[in-house]
Each structure stands twice: as C-alpha cells, then as structure tokens.
Amino acid sequence: MIASEAAMTKSYLTTSTGSKAKVHRRKPAIPVIKHIAKDNDQEKQQVLIKPIELSRVIHFLEDPLAATLKERHIFALKKVVKRCQKGFLLKELADVFKILNICAEKSRDHPEYTSVLCDLLKICRLPFLKEKTSDEVTYAQTVKESLSQMGFLMRVPNAEVRNQICRSIVSLYSSGTSTHSVDGVDSLSKLAAASKPADPSHRFSKHSMRLHPTSLGYRVQLLEQSGLAETLVLSMALLENQPAVKLQILQTLQMLSSSSDVNCSLMLKAQGAQQICFHMMSQTHQDNNMDCIMVLKEAFLHQLLNGFRHYDLQLRNDLLVITTLIAENPKSPLIESLFAKQLILFVTFPELKSHNPLVRNLKLSYNNEDFEMKRLLLNLVVVMSKDLSALQLFKEGHVVLALLHLVKPTAAPPEGQSGPRNWTPVQQEELQLQALATLATVAPLMLDDYMTCQGNTCLLLLLEWCTERDAYFGQGHSFHGTGGRGSKKAQMRYCVRLLRSMASLGNEAINQDLFDQGAISQLLGIIMQMEGSPEEEDVITLEIKADIQLILSALCENDPHRKELFGSEGVEMTVHFLKMSTEKFYSGLGHNKLILSTVDCVWSCIVGCYTTEDVFLEKEGIFLLLDLLHSSPRNMQNVVLGTLLELCDNPKTMSHILAWRGQKGLTTSGLLLQLWRQEEAELGVSRDLYGRISDPKKPILCYYQEEEDAQVSLPANRPSAAVMDVSENLRSKIYSVFCKLGFEALPGLSTEDYITLSIVTRYLDFKVGEVWDEISRELSLEGVRPVTPDEEALDTIAKMTEDTARRVTTQQSSMLEQQDKVDVSEEKHMYTEISSNWKQQELTAQSWEHFVAKTSNYKILKETKEHQEISIDSSRPKPKHKEAIFHPTHIPGLQITKFCGRVMTVESTPAHLTGGPLANTELALERVSIQGGALRKLPPATEDPEYFNTVSVK
C-alpha cells in the first residue's frame, strides 16, 4: 500500500521548448516528521509541510499525463488550502484564481473537486495579505481581475459553491482588519522559521517580512472597479431552480448597494431592478391561490393582534406589502377569502369606531411601525379600487367617511394641556395628504358615499383653511408633501386636485352643490390671491392655478347663469393670464398647461353669455387671443382658434378682429391664411411653387387620406378620413372664421394670400367632392354598382369638383400674371426715378465745372459778366412814353407756382376771356445761384424731370 502510494506521488516540472515539452520525474515531497516529547509520557507528531509552489500545482493540475490522478490532485489542493488558511498573498492571487477556475472546470465531471473549491473560496473571505506597502499599488490590477473571476465562478451549478461565493464577498466587503489573521500569520512565520526550509524563496522563511492584511477601503474600491455587482446580477438568470441561492445573492446585492453609488450604477446597467421585480412578481403569482392567501391572512392577523416587539411589527408590515403585491393581480382570491374585508376594517381604524372583535381590543402605539402600517393600508385601498367588486366592501366599511376624517385639519391642544395620544404633527400631515390622494382615486367611483358624507363641504372648508394665515408649518418630508415645507401649499394642491377630479365628472348634483356653496367666487379669490403673492412661481403653484381654472370651466360649462356669475372678476382673471409672456411656454414649470387651461376657461366660462363676452371684448380679450394664436406652438393653435370662432357669434367681435394688427402690420386675415399654408404643408397637400393647386383631382387631399385609398371599406360606425380631417386640423375652423369675416375687401393681403384665399373660398365645395369620392370608392371596394342615375350623379359631382379646381387654378394664374405686370411697372418707375437722379447729378456737375472755369479763365469770366449785364438791362422797366396809356400789370386769375426756386408754372385765364391764346414761353432759369461770389449747391428736385429746365405758361 505504501509502495503503491509512493509510486503515485509524482511531481512534474515541464519546460516548454518550442512545440515540445520535456517531462522530468522528481522524487515526491515527503513530510518531515519530528517527535516532540511532552510530559515524558505523551508523544505527538507535528507535521511541518515543506514549501509548495502554486505554479507547480497549476502545472500538475493541467498536465494531461496526470489527468487521472484525482486523489493526488485533491491531496495537492488540500496542501494549498492548509498552507494559505490565513489568507492569500497579493502576489499569488493570479495563481490562486487560476487554480479555482481549474477546479471549477473539473467539478463538472468530478464532484470530488467541489469540496476543495469551497475550501479555497472560504479563504477568500479573509483580507488579502501584503508583504510591502507598495504591493497594494503593484497588484491592484491583479486584484480587480481576481475579484471579477470570483463572480464568474457563479457558473458552477453547485449550490454550496454559490453560497460560499456570496458569503466570501460579504465578508471581504464588510470586515475590517482582522487581528486574528495577523496573529496567525506571525505564528506561521515562526513555525516556518523553525522548520528551516531549504528553499530560500519560501514565503515564511526567517528572512521574510511580516505580513499585513489589506485595508477595507482598498478592498471596497477594487471590488467596485471589478464589476462584481454587475456579474452577480447577470448570474441570477442561472438560479431559477435554486431560490435559496437567489435569496443569498439578493442579500449580497443589498449589502453591495447600501453604501456604494458605483455598485448601484453597475446593477442598473445590468437591469438589476427589472430582474428583481420580475422575480418578485413571479413569486407573487405563485402565491395567488386560496391556500396561500389563507396562510397569509392568519399570519398577518397573528402579528397584528399579538405582536408587540419591534421585530413583530416589522414582520406585520412586510406581510402587508406582500398582500399589496397580491392585490395588484385581479385574479387573486383576496375578496373570496374575506381577507379584503378584514383589511378594510383596519383601514378605517381608529378613525371610525367599530364593535368588531378584531378591533375592539386593538390598540395602536402610534410609533413609526404603526404609522407605516397606516400608510400601507391607504395604499392598499388605491390598489384594490381597480377591482370594481371591492367597491361594495368600501361602501360597507365606510372608507370614504374614514378618509374624510383624515383629511380634516386637526387643531392643536391648548398650551399646557396634553391631548389624547395620537399621531404626531408630521405623521398627521403625511396621512392627511395621502388620504387626499387616495380620495382622488376612490371618490369618483363612489359618488353616493361622497355626497352622503358631504365631501364638497369638507373640501371647501379645507380649502378655506389652506388660505388662512396661522402658525401652521408644513414639514414637506413625504412624497406627497413635496414643495409644501413651511406652508399649506401641499394640502391645497391635493385638495384642488380632488375637487377637479369630482367636478370634471360632469355630475350635475356634485357641480350644483359646489355652485350653491359659492365655489366659483371662492376659487376666483384664491387664484387671484396666489397671483398677487410675492412668492416665486414653481411647479406646484402653476398646477394649482391650472386646476382651479379647470374646475371653473367644469362648473360654468353649458350653464348661462353660472357664466353670468363668473362676471367681470372672472374675466379679469382670464385676461391677466392671457397676457402671459410667450417666452414662458418652454420654461418647463407648466406655464403651457396654465395658458391652455386659461383658454379653456374663456371657452367654457365666457363664450355663450353676451354680458360676460362684452366685458371680455372691452378688456381687449380678442386682441390677446389673436396675439396668442400668432405666437403659440402648433399644438395650442387649434384650441385658441376654436375659441375665437365661438366668439365670432357675437356681432361686436368682428370689429375687434378686423382692427387687430400684428408684427409688420399683419392683419387677422393674413394670419389665418398663413396658418392655412402651414397646415397644408404639414398635411402634405399637393401645391406648386407658388401655392397653386397642382392636381385638380385632389385639390385639398392630405397624404394620410391617399394612404387609406387602397384600404378596405370602413364600418358604418367609423368616420371616414375626409370627415376626420374636418375635426383634426385647422382648415375647417379657418374657413368658418372667413365665413364670418367675408372673402372680399380684406385689408393687408399679398398676392400669395389671395392665391391661398381662392382655395379657402372653395374649401366646402372641395370637401363635399372628397366625401362623394370616398362613397364611390367604398362602393367599388364592396363590389356594389350604383344604378345608372346614381352613377351619372356621382360622375357629375366628380367632374364639377374637378372643374371648380381648374377654375380656381386659372384664377390663381391670372393673379400671378397681374402681379408680374405690377412688378414690371414698379421696376420701370424705379428705373425712371434712378435716371432722373443721375440727370440732376450731371447738371449739378456741369454747373460746378462752369463755376470753376470762371475762376480759372478770365475770358469766360468776362463773357459771363457781359451776359449778366445784358440780362440785367433787359429786366429793367422801359421808360414810359408820355402819351402812352398805362395798363395795370395784375391780371385776374393769374396763378404762379414755384417749385424749389427753379421750376415755375404760370397758369393764366382761359383764352376765350383774354381774347387769344398765350404763347408758350420758355424762360431760361439760372440753375445755380451765386451769392457773394461763392457757389451754393441747391438740393435735388423731386419733381418730374421734364420741369427741370423750363417754365410753362398757360
């Protein structure tokens, strides 16, 4: 036996040379046994293991010649385990994890390696050891790769191996410096020094340095960088049949993510949250049977009625969370098991008194766990409300009444007195807000209970309390209390939201009750008070204002009396918000929603009551709506234009619409035609470069209507594409507004506008033709041939539509030709004006040259002087002859007009009065006047150039 064992004990040293390998046999390492005598009557053998190199172990495990020596492999691996039982050196980690991977591969076919693999992984729970301080930096990359490899070892299907990996990760990540490990290393060092090994490289030689464990921060940092958390998340897909291991991994991931943002990011990258939710839902679906529900009910009741320790209260709340997850499944037998009825009883406790034995002796300590249970129960009500069969249980359990009790503000006890034990102010605030949020879901489903409990009165009183100024200080810690710290804004937000949910139902009894209690004036006062507040606007404030306007719209819609009571105060409110700057539309705070609710408020609260409409017109509301139509986004223009169209029924509106002017003198008709072109561009209507109809057979057809041409016939209860087009875009509304304005004598239109207007004018004819074309196409798809008269009528209608489109096209072409003529005429006029300006400049230049010539040439100066003297002499009056008869120089009717000191037209009396025509006389005018020997340049004339040189006398 000993001989055979010695024969199997081999150690191989392989030296690679090229592609061949030499194998040398060496004598096995035999343990050295020393006999140590103690107390002279007992002898114990202490085995001192000779040093072992990990590289030689790796080679031994990978050697194909030793593949069948499993016992020797396990023997060598156990020696490694015994040698490294106090921890792995940083410099040996690469070899250690290579050994681990080899064992993992061999364990698939040989389970004997599994126990050794677990032993090696168990050592990984200890801090890694370093010989020098610089080892942490030197082997950092090796440590990261090794930790990453530890996660990949989850591929081993053995549950014990996977559990050991999780335990080692938790210990490595959370444990600090181990004093035991350091002491153990010292003892090993002493033991190794006593053995006096022959190998100088032995790790525990007497010349080796003292070993130190790596710090916790070092291990945590490298574990985060290794991506181990992501690997663990991905490994959960391999654990479908091992729920215990999956639970161990979830606990490990919880520990890794509790204090590390990096690990959380890695888990999210691997879709960890999604996988965990899928796991929880699959587990919940497994619990959706009557037996599980009954067991869960008994456990919950036991913990609720008998538990008093903190652990019991936490377990009770955990069971309630599981119940909530089960309730989300509509097929769960929660109601059939009577568990839901018992839970509803606990929902209304302690707000409502009951003689039920379950709550008769139940007492709450109002601690954090009881508070958490109350919140979970309120959340359970919201989840169960999706099942209509649960509403009857809500009605029997008076859930709405209990929620309204929670909503009521509680008064603080007088100073010096302690009230009954109850929730703290912070807890009361959170429960109040959550009750309001729960009512917003439950109350619309239980209108009778809501009215019976006077829900409107309760909410209006709460709204009044929210506007009062007192010492109340909101904490704003909870989800529902966001933005409400130091005020009652959170309560007002959820109260208004609940009122909006109830008013928008259109229930006449609820709306009449709100109206009778003065909700309109109260809401108007609140919104104007908020608008006048110096506080900066935020998301919550804008949401409250928008909800108030929606409530007012729901109350006043289709009721002229309420619209009249909306009155000037309401008009002032809407006008104020319509003046909002368009730059705020894209602020991200909700101004776009506020302006939409304002337009809806105009439509519902003002339109239809002439008294209120007149006040709106006096406040220039039409101008504000047109400004908004011009500057608002595309998705808002439909509502604004619809409101304008409704206001056009008032005769006073048309003068306001025609008087409006936008940027660059834009008129209302020009704006509407501009919107028409933009709408057709988005709809893909066929138009040419100048906006004319390019296909007379499809004058206003949209692209999606063409796509539906080849589809099957539509059912009778579904509108066709041509009919849907009327309600889905702006063109029908623009056409309706033009029907009010008229299609002629519109100011401020260009040729492009007139071309578009010609299409708008025939919109109804084209739309009727589209509908008849759809009828013909559907008959063809259904294989129905109309009778001959009907077929002729359909053909005639189609031909008339096409002829109309061709006439419009001809009219548009005529407009373009006329515009071309106007452009040419204007171009000629501009050329004539430019030519006249150049001619005047030439005359001025000639006058200047003549002046320069006079100053430089004496002969020319002398001739000029002589010419002046002759002109002066000729202008002097002639001496009168003594016998001559004197006639006055004034002629009646003579008119002299002087232009710019140069051109003069003299119009005399008609020829039949003077006895004969006056001859046209051309007078040479001095073009440039010279005063004091200096030249003075006159400004250019603006008259027609033919008058620049002559004076006409008629």
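Along each chain, numbering runs from 1 in the same order as the chain's sequence is written. Restriction of local features to residues with pLDDT of at least 70 applies here, the model being predicted, together with a cutoff of 80 or more for giving and counting side-chain atom pairs; totals for whole chains, interfaces and linings are based on all residues. The basis for every side-chain value is the complete set of non-hydrogen atoms in the structure, without hydrogens or water.

Chemist: I keep staring at the overall build of the protein and nothing clicks. Help me out?
Modeler: Strands here are runs of E lasting at least two residues and helices are runs of H or I lasting at least four, both read from the DSSP assignment and numbered beginning at the N terminus. Counting its secondary structure elements, the protein contains 43 helices and ten strands. Using a 1.4 Å probe on the protein chains alone, a residue whose accessible area is under 20% of its type maximum counts as buried, one over 50% counts as exposed, and one in between counts as partly exposed. The buried share of the protein, taken over its 954 residues, is 42%. Across the protein, contacts joining residues at least 24 apart in sequence account for 73% of those joining residues at least 6 apart. Computed with the Shrake-Rupley method and a 1.4 Å probe, the accessible areas treat only the protein chains shown as cover for residues. Only carbon and sulfur atoms are counted for the fraction: they give 55% of the accessible area of the protein, which is about 53500 Å². Contacts are assigned to residue pairs that have any heavy atoms within 4.5 Å of one another.

Chemist: What is the right way to read helix α3 (residues 70-83) from this model?
Modeler: Think of an α-helix as 3.6 residues a turn; residues three or four steps apart then line up on the same face. Along its 14 residues, α3 runs 20 Å from first to last C-alpha, staying within 8% of the 20 Å computed at 1.5 Å per residue. Those residues of α3 that fall on the buried side of the exposure criterion are R72, H73, I74, A76, L77, K79, V80, V81 and R83. For a helix, the expected span equals 1.5 Å multiplied by the number of residues minus one.

Chemist: When you look at a nonpolar patch on the surface in this model, what are you seeing that I'm missing?
Modeler: Excluding any residue in a salt bridge, patches collect residues exceeding 30% relative accessible area, merging like charges within 9 Å and nonpolar Val, Leu, Ile, Met, Phe, Trp and Tyr side chains within 5 Å. The working definition used for a salt bridge is a side-chain nitrogen of Lys or Arg within 4 Å of a carboxyl oxygen of Asp or Glu. A surface patch of nonpolar side chains, amounting to about 330 Å² of accessible area, comprises L764, V768, W772 and I775. You can see L764 is positioned in helix α40 (residues 763-781). Owing to a relative accessible area of 45%, L764 belongs among the partly exposed residues under this scheme.

Chemist: Where do I start with the nonpolar core in this structure?
Modeler: In globular proteins that are soluble, nonpolar side chains generally tend to be buried together. In this text, buried Ala, Val, Leu, Ile, Met, Phe, Trp, Tyr and Cys residues form a nonpolar core when linked through side-chain atoms within 4.5 Å. Residues F394 and L552 are the most contacted members of the largest nonpolar core, which totals 147 residues. Counting residues in hydrophobic clusters, the runner-up holds 59 residues, among them L90, C103, L121 and M236.

Chemist: Before we go on, may I ask you to explain the packing of helix α29 (residues 560-578) against helix α31 (residues 610-618) in this structure?
Modeler: Think of two packed helices as two axes; the pair is described by the angle between the axes and how far apart they sit. Under this scheme, a helix contributes an axis fitted over its contacting stretch, all axes are lines through C-alpha atoms, and angles between N-to-C directions fall in the 0 to 180 degree range. Where α29 meets α31, the axes come as close as 9 Å, and the angle between the chain directions of the two elements is 25 degrees. With respect to their mutual orientation, α29 and α31 come out roughly parallel. Helix-helix and strand crossings are classified by hand; for α29 and α31 the assignment is right-handed. Residues K563, E564, G567, S568, V571, T574, V575 and L578 of α29 form the contact with α31, whose own contacting residues are T612, V615 and F616. A per-class count over the contact of α29 with α31 returns five nonpolar, four polar and two charged. An angle below 35 degrees is read as roughly parallel, one above 145 as roughly antiparallel, one from 65 to 115 as roughly perpendicular, and any other as oblique. In a left-handed crossing the near helix is turned counterclockwise from the far helix by less than a right angle, and in a right-handed crossing that turn is clockwise. In the scheme used here, Gly and all other residues not listed as nonpolar or charged are polar, with Ala, Val, Leu, Ile, Met, Phe, Trp, Tyr, Cys and Pro taken as nonpolar and Asp, Glu, Lys and Arg as charged.

Chemist: Quick question: what am I supposed to make of empty space enclosed by the protein here?
Modeler: A probe matching the size of a water molecule, rolled over the atoms, marks out where space remains unfilled. Think of a 1 Å grid over the protein atoms and nothing else: a 1.4 Å probe that fits but is trapped marks a cavity, an open set flanked by protein within 12 Å on at least five of seven lines marks a pocket, and residues with an atom within 4 Å of a point count as lining. Grid points are joined across faces, edges and corners, and a volume is the space filled by probe spheres set on the points. A complete count under the given rule lists three cavities of 30 Å³ or more for this structure. In this structure, the second largest cavity spans a volume of roughly 40 Å³. Broken down by secondary-structure element, the contributors of at least two residues to the lining of the second largest cavity are α34 (653-659) and α35 (668-683). Its residues assigned to classes, the lining of the second largest cavity comprises five nonpolar, three polar and one charged.

Chemist: Help me understand the environment of R167 in this model?
Modeler: For R167, the location among the structural elements is in helix α8 (residues 159-174). The spatial distance from the C-alpha of R167 to the C-alpha of Q248 is 8.4 Å, given a sequence separation of 81 residues.

Chemist: Before we go on, may I ask you to explain helix α39 (residues 751-761) in this structure?
Modeler: Of all eleven residues making up α39, eight are buried, and the element is well covered by its neighbours. Along α39, the positions that sit buried rather than exposed are T751, D753, I755, T756, L757, S758, I759 and V760. Those residues of α39 that are buried are in contact with α35, α38 (731-741), α40 and α41 (788-856).

Chemist: Looking at this model, I keep getting lost on unusual backbone geometry. Mind explaining?
Modeler: Among all residues save glycine, negative phi is the norm, and among peptide bonds the norm is trans. The omega angle of the peptide bond from F349 to P350 is 5 degrees, so this bond is cis rather than trans. By the secondary structure assignment, P350 is in the loop between α17 (339-347) and α18 (357-360). A positive phi angle is found at Y366, which is not glycine, with a value near 55 degrees. Along the chain, the position of Y366 falls in the loop between α18 and α19 (368-384). One non-glycine residue, K664, lies in the positive phi region at around 60 degrees. Considering the arrangement of structural elements, one finds K664 in the loop between α34 and α35.

Chemist: Explanation requested: the environment of E372 in the structure shown.
Modeler: Within the fold, E372 resides in helix α19. Along the chain, E372 and Q427 lie 55 residues apart, while their C-alpha atoms are 9.6 Å from each other.

Chemist: Just to check I follow, could you spell out the confidence of the model for the protein for this structure?
Modeler: Low-confidence regions, as indicated by low pLDDT, have predicted coordinates that should not be scrutinised in detail. Here pLDDT means the predictor's own confidence in every residue, given as a number from 0 to 100. The pLDDT averaged across the protein works out to 81; a share of 80% of its residues lies at or above 70. Predicted confidence for residues 177-208 stays below pLDDT 50, and this span has 41 contacts to residues more than four positions away or in other chains. Taken as a whole, residues 916-954 scores under 50 in pLDDT and shows 56 contacts with residues more than four places along the chain or in a different chain.

Chemist: For this particular structure, what's the right way to read the packing of aromatic side chains?
Modeler: The description of an aromatic ring pair rests on the distance of the ring centres and on the angle between the ring planes. In this scheme Phe, Tyr and Trp rings, the latter by its six-membered ring, pair at centre separations within 6.5 Å, and the angle between planes marks the pair as stacked below 30 degrees, edge-to-face above 60, and tilted otherwise. Enumeration over the complete set of coordinates arrives at nine aromatic pairs. When the ring of Y366 is compared with that of W423, the centres are 4.7 Å apart and the planes differ by 85 degrees; the resulting orientation is edge-to-face. Separated by 57 residues along the polypeptide, Y366 in the loop between α18 and α19 and W423 in the loop between α21 (399-407) and α22 (425-442) bring together distant segments of the chain. Look at W423 and you get buried, because its relative accessible area is 8%. With 5.5 Å between their ring centres and 85 degrees between their planes, W676 and Y763 make a pair best called edge-to-face. With W676 in helix α35 and Y763 in helix α40, this pair connects stretches of sequence that are 87 residues apart. Here W676 falls in the buried class, since its relative accessible area comes to 0%. One residue, K488, lies across the ring of W465, its end atom 4.3 Å from the ring centre. A ring is considered to have a charge above it if a Lys NZ or an Arg CZ atom is located within 6 Å of its centre and within 35 degrees of its normal. Above the plane of the ring of F515 lies R562, whose end atom (NZ or CZ) is 5.2 Å from the centre.

Chemist: I keep staring at the pattern of salt bridges and nothing clicks. Help me out?
Modeler: For side chains of opposite charge, pairing can occur when their charged atoms come near one another. Under the criterion given, the structure shown has 41 salt bridges. E537 is the partner of K545 in a salt bridge, and the nearest nitrogen-oxygen pair spans 3.1 Å. Of the residues examined, K545 reaches a relative accessible area of 1% and is grouped as buried. Overall, E537 belongs to the partly exposed group, its relative accessible area being 26%. Across the pair D725 and K767 runs a salt bridge, and its minimum N-O distance is 2.8 Å. Residue D725 is located in helix α37 (residues 721-728), and its partner K767 is located in helix α40; the two are separated by 42 residues in the primary sequence. Since its relative accessible area comes to 0%, D725 is described here as buried. In the salt-bridge network here, residues are joined through shared partners; they are E680, R687, D725, R731, K767 and E770.

Chemist: Would you explain the environment of E464 in this entry?
Modeler: Looking at the element boundaries, E464 is found in helix α24 (residues 455-467). The sequence separation of E464 and Q522 amounts to 58 residues, and the corresponding C-alpha distance is 8.4 Å.

Chemist: What exactly am I supposed to notice about the side chain of S385 here?
Modeler: Here S385 lies in the loop between α19 and α20 (389-397). On the accessibility criterion, S385 (4% relative accessible area) is buried. Excluding its chain neighbours within four sequence positions, the residues that come into contact with S385 are L391, F394, T441, V442 and L445.

Chemist: Would you explain a negative patch on the surface in this entry?
Modeler: His is not counted here, nor are the chain ends, while Lys and Arg score as positive and Asp and Glu score as negative. One atom stands in for each charge, and that atom is NZ of Lys, CZ of Arg, CG of Asp or CD of Glu. Among the surface-exposed residues, E817, D820, D823, E826 and E827 lie close enough to one another that they form a single negatively charged patch. Inspection of the secondary structure puts D820 in helix α41. Taking relative accessible area as the criterion, D820 reaches 46% and is therefore assigned partly exposed.

Chemist: Can you walk me through the packing of helix α33 (residues 634-647) against α35 in this structure?
Modeler: One can describe the packing of α33 onto α35 by two numbers: an axis separation of 13 Å at closest approach and a directional angle of 130 degrees. As the angle between them shows, α33 and α35 are arranged oblique. Remark: the crossing between α33 and α35 carries left-handed chirality. The segment α33 lies against α35, with R634, Q637 and L641 engaging L672, L675, Q678, E679 and E682.

Chemist: Explain the side chain of Q303 here, please?
Modeler: Residue position: Q303 is located in helix α15 (residues 290-306). In contact with Q303, other than residues within four places in its own chain, are D312, L315, R316 and L319.

Chemist: When you look at the state of the cysteines in this model, what are you seeing that I'm missing?
Modeler: One way to say it: the disulfide is the covalent bond shared by the sulfur atoms of two cysteines. Count a disulfide wherever a pair of cysteine sulfur atoms falls within 2.5 Å. As enumerated under the stated definition, the model contains zero disulfides in all. Looking at the unpaired C605, the closest cysteine sulfur is the one in C601, lying at 3.7 Å.

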